[in-house]
Amino acid sequence: MNAERSNASTATVIERFNDAFNRHDADALAQWLTDDTVFEDTSPAPDGRRVEGKAAVVAFWRDWFVRNADSVFEAEDTIVAGDRVVVRWIYRKQRDGGPWHIRGVDVFRVRDGKVAEKLAYVKG
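Residues numbered from 1 in each chain as written. Predicted model: local features only at pLDDT ≥ 70, side-chain atom pairs only at ≥ 80, totals over all residues. Heavy atoms only, no water.

Chemist: Hey, could you go over the packing of aromatic side chains for me, with residue numbers and the actual values?
Modeler: In total, this model carries 15 aromatic pairs according to the counting rule given. Residues Phe21 and Trp64 carry aromatic rings whose centres are separated by 5.7 Å and whose planes lie at 45° to one another, so their mutual orientation is tilted. In this pair, Phe21 sits in helix α1 (residues 3-22) while Trp64 sits in helix α3 (residues 54-67), placing the two residues 43 residues apart along the sequence. Both residues of the pair, Phe21 and Trp64, belong to the buried class. Within the aromatic cluster, the residues linked to one another by ring pairs are Phe17, Phe21, Phe39, Phe60, Trp61, Trp64, Phe65, Phe73, Trp89, Tyr91, Trp100 and Phe108. Here the basic side chain of Arg95 rests over the ring of Trp100, its NZ or CZ set 3.9 Å away from the ring centre. One residue, Lys118, lies across the ring of Phe21, its end atom 5.6 Å from the ring centre. (Phe/Tyr/Trp six-rings, centres within 6.5 Å; stacked < 30°, edge-to-face > 60°. Helix = DSSP H or I, 4+ residues; strand = E, 2+ residues; numbered from the N terminus. Buried < 20%, exposed > 50% of the residue type's maximum accessible area, 1.4 Å probe, protein only. Lys NZ or Arg CZ within 6 Å of the ring centre and 35° of its normal.)

Now the structure itself:
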């Protein structure tokens, strides 16, 4: 497979993953994860929480979706380099009765058409 086609299919995996994420559909999200997937959350500071394995990651997000029902991630930029993808995003939700947001990035690794790693970082 040439590099351009590989980058396109890697980008498609992340696009579909993010679509399922923004629908808050943990079951759909699960189909885009490797069995040994790793997720690193942005909190608690300073290093965040590491969640390993598909079942644990899906359970984490299922709970997170319930607690953040009005949230959405808007991709500002997506950079694909081989099996790595960096997505610069804005996370929006309501907080204290008004709109709130924070910016950050996710660093993904894709393997065999699925997300093997999602490392999240935020500004500030």
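Next comes the rest of the write-up.
Chemist: Got a sec to walk through the side chain of Glu40? Specific residues and values, please.
Modeler: Within the fold, Glu40 resides in strand β1 (residues 33-40). Side-chain polar atoms of Glu40 contact the side chain of Arg50, separated by 2.6 Å. Leaving out residues up to four positions away in the same chain, Glu40 has contacts with Arg49, Arg50, Lys118, Leu119 and Ala120. (Polar contact = N/O pair within 3.5 Å; in protein donor to acceptor, adjacent residues only side chain to side chain. Contact = heavy atoms within 4.5 Å.)

These results come straight from atomic positions and should not be treated as a statement about function.
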